[in-house]
Amino acid sequence: MKKISLLGATGSIGLQTLDVIKAHPDQFKLVSMSFGSNISSGINIIRQFQPHFVAVKDKETYEKLKLEIPNEEVKIGYGQNALIEAAIFDGVDCLVNAVVGSVGLVPTLKAIEHKITIALANKETLVTAGHLVTEHARKYGVDLLPVDSEHSAIFQCLQGENPKNIERLIVTASGGSFRDKTREELTDVTVEQALNHPNWSMGAKITIDSATMMNKGLEVIEAHWLFDIPYEKIDVLLHKESIIHSLVEFQDHSIIAQLGTPDMRVPIQYALTFPNRLQVKNSKRLELWEVGKLHFEKADFNRYKCLQFAYDSGKIGGTMPTVLNAANEEAVAAFLNGKIKFLQIEEFIERAMDKHENIAHPGLEEIQEVDQQTRNFVQTLIS
Ligand code: NAD
Ligand code: MG
């Protein structure tokens, strides 16, 4: 029985992780969890899965939850310390980190120190401090297992392979909600249009990231850290059907790909069962004759500036990816709140990166400082 801690339980990845846990009650037990402020969804989960500890984002949510859930049923906490407590709760074997944003960084680091296996959906963690997370995982001998579908695909393609033979990682991209629009047509797009992703139903932030292609940029940085591959050997390939989840090319120019219908429960479950596999309940089988045709296009870095910024920041390294990520988080939240226009997201990220004086080998405190400074700077641009 694997004891699971799930951060971000009420989110898109969180709920699908709970589906996986529910489908295999003999394999998995939810022992602790966190959520932001969606009380009704949180209560449903607590009643159904009966974890021992629950962390929520703030005091207000905590007070409300206390009125509904008596103390003897489950322990409740709030804020960053509670998030960490949930991550390292007594007996946890595997932390599924599915919060959104760099708030997931410290819980991941702490869980690694407690030798807890990490199933990582929270890509912002690797973008903002990839060197710290991977060094930590190596030091404590802890597995960092990808949940992101592209990275799960690459991870699956690499089983039994010698990493030295990798020639190139090819990360596929659906192109997001605006893939058929020209740059000019992006000027006045609405939040509602941006949230309408053609292939995947996901949380709001990542759906906007897909529309700007920042999601793919974050994934390139994520791949760099997870697989220890230089940026020159990571390519992005537009593939609108999201059937091929990513590919690996080897020295002999042989390419291995992982395919399947778009269903996040597959990579989530693989991270939980690795190196084994289990059935995924009601998952749709891929019949290639039904699909008929698959399409591929070269990624256009002028059309998708955020993708370029991500490569640039990754190659510069140091605190630049922290700036990229923090500026993006603030700008996307402002776009979602109707405060800025779609193309201002990339404009503000570019301005934050231009202004930043890079720190080459930052520690955790420097990263947290730069993260906060960047957020403040973008907030002044927004207002
Ligand atoms: P979401 O917005 O649907 O859910 C986020 C969860 O985190 C919610 O439970 C929310 O309550 C919680 N949360 C947010 N802020 C918090 C805070 N400050 N403290 C505690 N909890 C907080 O997001 P999602 O789509 O599930 O994505 C989660 C992560 O997984 C992101 O990093 C995203 O990039 C990554 N991811 C998502 C998908 C997907 O299909 N949704 C695919 C690949 C990777
Ligand atoms: Mg992905």
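A brief structural summary. Please read these numbers as outputs of a predicted model, since none were measured by experiment.

### Topic: the site of ligand 1
Then comes step 1: The local shell around ligand 1 holds 23 residues, among which Thr10, Ser12, Gly36, Glu124 and Gly203 are the closest.
Then comes step 2: In the environment of ligand 1, an oxygen atom lies 2.9 Å from a nitrogen or oxygen atom belonging to the backbone of Ser12.
Then comes step 3: In this structure, Ala121 approaches ligand 1 through a main-chain N or O atom, which is 3.4 Å from an oxygen atom.
Then comes step 4: For ligand 1, whose free accessible area comes to 820 Å², the fraction covered by protein is 87%.
Then comes step 5: At the level of secondary structure, the elements contributing two or more residues to the shell around ligand 1 comprise helix 1 (12-23) and helix 6 (123-140).
Then comes step 6: Across the shell around ligand 1, the residue classes break down as 12 nonpolar, seven polar and four charged.
Then comes step 7: Formed jointly, the shell around ligand 1 draws a minimum of three residues from each of two domains, domain 1 (2-146) and domain 2 (151-262 + 286-316).

### A look at the sheet that holds strand 8 (residues 166-173)
Then comes step 1: The sheet built from five strands is open, its strands ordered 11-10-8-9-12 with mixed pairing. Both edges of this open sheet fall to strand 11 (255-259) and strand 12 (297-298), since each of them pairs with a single strand only.
Then comes step 2: Relative to strand 12, strand 9 (residues 234-238) runs antiparallel, the two being bridged by two bridges. Across the sheet, the residue bridging to Leu237 is Lys298, located in strand 12.
Then comes step 3: Packing against the sheet, helix 10 (residues 214-227) makes contact with strand 8 and strand 9, and its axis sits at approximately 150° to strand 8.

### Considerations on the coordination of the magnesium ion (ligand 2)
Ideal coordination angles are 109.5 degrees for a metal with four donors arranged tetrahedrally and 90 or 180 degrees for a metal with six donors arranged octahedrally.
Then comes step 1: Bound to the magnesium ion (ligand 2) are the protein donor atoms Asp148 (OD), Glu150 (OE) and Glu219 (OE), situated 2.1 to 2.2 Å from the metal.
Then comes step 2: Here the donor residues for the magnesium ion (ligand 2) map to a single chain with the spacing D-x1-E-x68-E. Placement of the pair is Glu150 in helix 7 (residues 149-157) and Glu219 in helix 10, with a sequence separation of 69 residues. With respect to burial, Glu150 and Glu219 carry one shared label: buried.

Cut-off values and rules
Residues numbered from 1 in each chain as written. Chains lettered and ligands numbered in written order. Predicted model: local features only at pLDDT ≥ 70, side-chain atom pairs only at ≥ 80, totals over all residues. Heavy atoms only, no water. Near = heavy atom within 4 Å. Polar contact = N/O pair within 3.5 Å; in protein donor to acceptor, adjacent residues only side chain to side chain. Areas by Shrake-Rupley, 256 points an atom, 1.4 Å probe, with all protein chains shown as cover. Helix = DSSP H or I, 4+ residues; strand = E, 2+ residues; numbered from the N terminus. Nonpolar A, V, L, I, M, F, W, Y, C, P; charged D, E, K, R; others polar. Domains from an automatic or database assignment. Pairing = 2+ DSSP bridges. Contact = heavy atoms within 4.5 Å. Axes fitted to C-alpha atoms, helices over the stretch in contact; angles between N-to-C directions. Donors = N, O, S within 2.8 Å, 3.2 Å for Na, K, Ca; no water. Buried < 20%, exposed > 50% of the residue type's maximum accessible area, 1.4 Å probe, protein only.

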